[in-house]
Amino acid sequence: MKFTVELLRSDVVNGNGRMYPASVVQDMVRQFGELDHPMIGEIGVHDGRESSLVNATHTIDKVWVNHDKKHRLPRKKKKEIKKTFGSNTYNLFTKKGAGVLMGEINVFDKKISKELVAVSCFRPRGIGQYSIDGKIQDDYELLSFDMINSSEDSFKGLMSKSE
């Protein structure tokens, strides 16, 4: 099954206090383009450098940055953010001009249903430093995008998916 999914937003603070600057997101796209093999992902949050072929559930076939207005936060999410984090924090999550890193993924594990993908999200796994204020630094090395249950998502459901 192939899906087009939203992977992350640049220049906005996510639910775990991290912020991926546009330059880091563009570098993710460059790193992905330099691969000579498919990027393999797994279900769950992993801290290892490599994906296990035994646990592999999907490939990431394509990534790109989208600045299209249709990928801005829906009104319902805006209200959620204001309610959860307060009106002053809202602008951190909706910074004008933030790009959206999109991905085309292919779920090949037959045990994963379309419904499971619908309640999941995809998050980057990588290695690098971040500053005290949570800004991911330019040394970030993208390893993969893993699928996690939306209820366990540190981005607090700020991302949406489209098929």
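None of the values given here were measured: they were computed from a predicted structure.

Quick rundown of the packing of aromatic side chains? Include the residues and the values.
Inspection of every chain in the model, using the stated rule, returns one aromatic pair. Sitting over the face of the ring of tyrosine 130, arginine 18 holds its NZ or CZ atom 3.6 Å from the ring centroid. Positioned above the aromatic ring of tryptophan 64 is the side chain of lysine 62, whose terminal nitrogen or guanidinium carbon lies 5.3 Å from the ring centre.

Give a detailed account of the side chain of arginine 125, specifying residues and quantitative values.
Checked against the element boundaries, arginine 125 lands in strand β5 (residues 120-127). A polar side-chain atom of arginine 125 sits 2.6 Å from a polar atom in the side chain of aspartate 146.

So what's going on with the confidence of the model for the protein chain? Residues and values would help.
For the protein chain, the average pLDDT comes to 75, and 69% of its residues sit at 70 or higher. Contacts of residues 156-163 to residues separated by more than four positions or lying in other chains number 25 contacts, the stretch itself having pLDDT below 50.

Residue-level account of a nonpolar patch on the surface, with values.
A grouping of Ile43, Leu116 and Val119 is seen on the molecular surface, where their side chains present a nonpolar patch of about 220 Å² in accessible area. Its place among the elements puts leucine 116 in helix α4 (residues 114-118).

Which residues make up the pattern of salt bridges, and what values go with them?
A full pass over the atoms with the stated rule returns six salt bridges. The salt bridge partner of glutamate 6 is arginine 9, with a shortest N-O separation of 3.3 Å. Linked by salt bridges that have partners in common, Lys2, Asp61 and Glu104 make up one network.

Tell me what's going on with the side chain of arginine 9, and back it up with residues and numbers.
Within the secondary structure layout, arginine 9 lies in strand β1 (residues 2-9). Judged by its relative accessible area of 8%, arginine 9 falls in the buried class. At 3.3 Å, the side chain of arginine 9 and the side chain of glutamate 6 are in polar contact.

Rules used in this analysis
- Residues numbered from 1 in each chain as written.
- Predicted model: local features only at pLDDT ≥ 70, side-chain atom pairs only at ≥ 80, totals over all residues.
- Heavy atoms only, no water.
- Phe/Tyr/Trp six-rings, centres within 6.5 Å; stacked < 30°, edge-to-face > 60°.
- Lys NZ or Arg CZ within 6 Å of the ring centre and 35° of its normal.
- Helix = DSSP H or I, 4+ residues; strand = E, 2+ residues; numbered from the N terminus.
- Polar contact = N/O pair within 3.5 Å; in protein donor to acceptor, adjacent residues only side chain to side chain.
- pLDDT = per-residue confidence, 0-100.
- Contact = heavy atoms within 4.5 Å.
- Patch = residues over 30% accessible without salt bridge, like charges linked within 9 Å, V, L, I, M, F, W, Y side chains within 5 Å.
- Areas by Shrake-Rupley, 256 points an atom, 1.4 Å probe, with all protein chains shown as cover.
- Salt bridge = Lys/Arg side-chain N within 4 Å of Asp/Glu carboxyl O.
- Buried < 20%, exposed > 50% of the residue type's maximum accessible area, 1.4 Å probe, protein only.

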